[in-house]
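Structural overview
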Amino acid sequence: MKIKILYLIFFSLLFPSVQQEAYSAKKTKAEKLTERLRKIQKKGYMYGHQDDTFYGITWDWDLNRSDTYELVGDYPAVMGFDIGGIEMGDEKNLDSVPFIRIRKEIVRHHEKGGIVTISWHPHNPLLGTTAWIEKDTTAYAQAIVSLRALRQDNVISLIKDPKSTVRSVLPGGTAHESFRVWMERVGAFLLSLKDKDGEQVPLIFRPWHENNGSWFWWGQDNCSDGEFKALWNMLQDYVSSILPDNIIWCYSPNLYGGWNEKDFMRRYPGDDRVTLIGEDAYQWGGEEDFKRQLTADLDFISSFAQKHDKMIAMTECGYQNSPDPTWWTRVLKPVVEKYPVCYLLPWRNYSKDHFGASKDAKTAKDFKEWYKDKRFLFLRDIK
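Note that the structure is a prediction, hence the values are computed from the model and not measured.

1. Brief notes about the overall build of the chain
Secondary structure summary: the chain contains 14 helices and 11 strands in total. Across the 383 residues that make up the chain, the buried fraction comes to 54%. Summarising the internal contacts of the chain: among those between residues at least 6 apart in sequence, 75% fall at separations of at least 24. Of the accessible surface of the chain, which amounts to about 17700 Å², a share of 54% is contributed by carbon and sulfur atoms.

In C-alpha cells form, the structure reads like this:
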C-alpha cells in the first residue's frame, strides 16, 4: 500500500512538469520572447543601443568594439538595427552599414543571449527620396532634376495632394505592385536571420514609428488615420504570412506630452496586432518640459498597457551629444524607474552626433553610476 501511495505521489508531482514542458514546446518563438520580456520586466529595465557594434563616437566599423562595453564592461541587453534601404535592393542601409554586417551582428547578439529590435525607414515610394518629408512641396519638383528615375506625374500628383504617398501603396494604388516588391525584400531579409542551428532569430519589429509626427511620409499630416492602419495591416499581414512565429510587433509613436484615449486610439493598430507599445522620446528642448511631457506620456501609456495586457518601452531616446554631464541619473533615470518600462534604447553614436553611453561622452561618469543600479540590466543580467 505504501509503495502504491508513493507511486501515485511521484506521478502527481511529475505530470505537471511534463505537461508544462509539452506546453512550452508548443509555444512560438514570439510567445517565448514575450514571456522572457515579461520576466525580465519584473527584474528591472534593460539598456539598449542602436548600432552599438558598428561605430562609436571616436571609431568606425572596427570589429568587436562597442562604446557600451568599453565604458561599463558589458554589452547592451537590447540592440537596435535599421533596414532602411533593403527595399531598394541596396547593399548598405541608410546609415551606410552593410546588410551582411547587420545580419551577422543580429545573429551574434541573439546567440550571446541578447534581444534584437529592428526598425525600417523605407524610401518614399512615389519619389525614391528618403523616408523624410520636405514641408516645402517645391522640393519635390526640384527632385526631378536630381533623381532622373522619378516619374514626373508622381511628383505632380504629390504636389497636388501631399497625402497621396501612403494611398499609392495600398491595394489599387499606383505604387502598390512596386511596394509589394519592397515588402518581399524586407521579408527575405528577415527570413535570412537564422542562428547556427538554422533556427529563426526571434525579434521585435518596429515599423512606421513616430507616426504622430509628420516628418515621415507615413506621418500624421501625410495620410489619414484609416490609411495608416491599412498600411500597418498590409505590411504585418504580409510578413506574418511568411514569418508567423518569431516576430513581436511594436507600435511606437513619438513623444506627445498629453496622450488621451481618443488621440492614442486614432492610429493604434489594435490589441490583436501589437505586443509592445513603445515611445520615441528625445530631449530636444528644455529639461523641465521634457520631463513633464515624458511623465505625462508614460502615465498614460503604462495605464493603457496594463488595461490591454501589453508591455511598454522607450524605443528611442537620448539627449544629442550629451551636453549635460548628469543627464542620465538626474533627468532620465528618475522618470523611467517609476514605470514598468521593459527597455530604453538611446539612438546611435556616430562621430559628433551621438546619443548613447560612451567613455568619450561628457556623461561617462554619470552613466557608470547608473550602471551600478541592480535594476538597470545589461547583457550579462538577462542571460
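2. A word on the environment of Glu227
Mapped onto the elements, Glu227 comes out in helix α9 (residues 225–242). In this structure, the C-alpha to C-alpha distance between Glu227 and Val169, residues 58 residues apart in sequence, is 9.9 Å. With residues near it in sequence (within four places) discarded, Glu227 still touches Lys163, Val166, Arg167 and Leu170.

3. A look at the pairing of strand β5 (residues 247–251)
The element β5 is extensively covered by neighbouring structure, given that 5 of its 5 residues are classed as buried. Of the two faces of β5, the one holding Ile247, Trp249 and Tyr251 and the one holding Ile248 and Cys250 are both buried throughout. As judged from the 3 bridges shared by strand β4 (residues 203–207) and β5, these two strands associate in the parallel manner. Directly across from Phe205, in β5, lies its bridge partner Trp249.

4. Observations concerning unusual backbone geometry
At Ser96, a position not held by glycine, the phi torsion is positive, near 70°. Note on placement: Ser96 falls in the loop between β2 (78–82) and α4 (99–111). A positive phi is found at Trp208, a non-glycine position, where the angle reads about 55°. Within the element layout of this structure, Trp208 appears in the loop between β4 and α9.

5. Regarding the state of the cysteines
This structure, assessed with the given rule, holds 0 disulfides. Cys250 takes part in no disulfide bond, and the closest cysteine sulfur to it belongs to Cys342, at a distance of 9.7 Å.

6. Concerning the nonpolar core
Proteins that are soluble and globular tend to have nonpolar side chains buried together. In terms of nonpolar packing, the biggest core is built from 85 residues, with Phe179, Leu190, Trp208, Leu231, Leu332, Leu344 and Phe367 touching the most fellow members. Not counting chain neighbours up to four residues away, the residues in contact with Trp208 comprise Trp120, Pro122, Phe179, Trp217, Trp218, Phe228, Leu231, Trp232 and Leu235.

7. Quick word on a nonpolar patch on the surface
On the surface, Leu94, Trp132 and Trp215 cluster together into a nonpolar patch covering about 280 Å² of accessible area. One can find Leu94 in the loop between β2 and α4.

8. Let's talk about helix α8 (residues 176–191)
Under the 1.5 Å per step criterion, the end-to-end length of α8 is 22 Å for 16 residues, consistent within 8% with the ideal 22 Å. Looking at the buried positions of α8, the neighbouring elements they touch are α4, β3 (115–120), α7 (164–169), β4, α9 and β5.

Cut-off values and rules
- Residues numbered from 1 in each chain as written.
- Predicted model: local features only at pLDDT ≥ 70, side-chain atom pairs only at ≥ 80, totals over all residues.
- Heavy atoms only, no water.
- Helix = DSSP H or I, 4+ residues; strand = E, 2+ residues; numbered from the N terminus.
- Buried < 20%, exposed > 50% of the residue type's maximum accessible area, 1.4 Å probe, protein only.
- Contact = heavy atoms within 4.5 Å.
- Areas by Shrake-Rupley, 256 points an atom, 1.4 Å probe, with all protein chains shown as cover.
- Pairing = 2+ DSSP bridges.
- Disulfide = S-S within 2.5 Å.
- Core = buried A, V, L, I, M, F, W, Y, C linked by side-chain atoms within 4.5 Å.
- Patch = residues over 30% accessible without salt bridge, like charges linked within 9 Å, V, L, I, M, F, W, Y side chains within 5 Å.
- Salt bridge = Lys/Arg side-chain N within 4 Å of Asp/Glu carboxyl O.
- Expected span 1.5 Å × (residues − 1).

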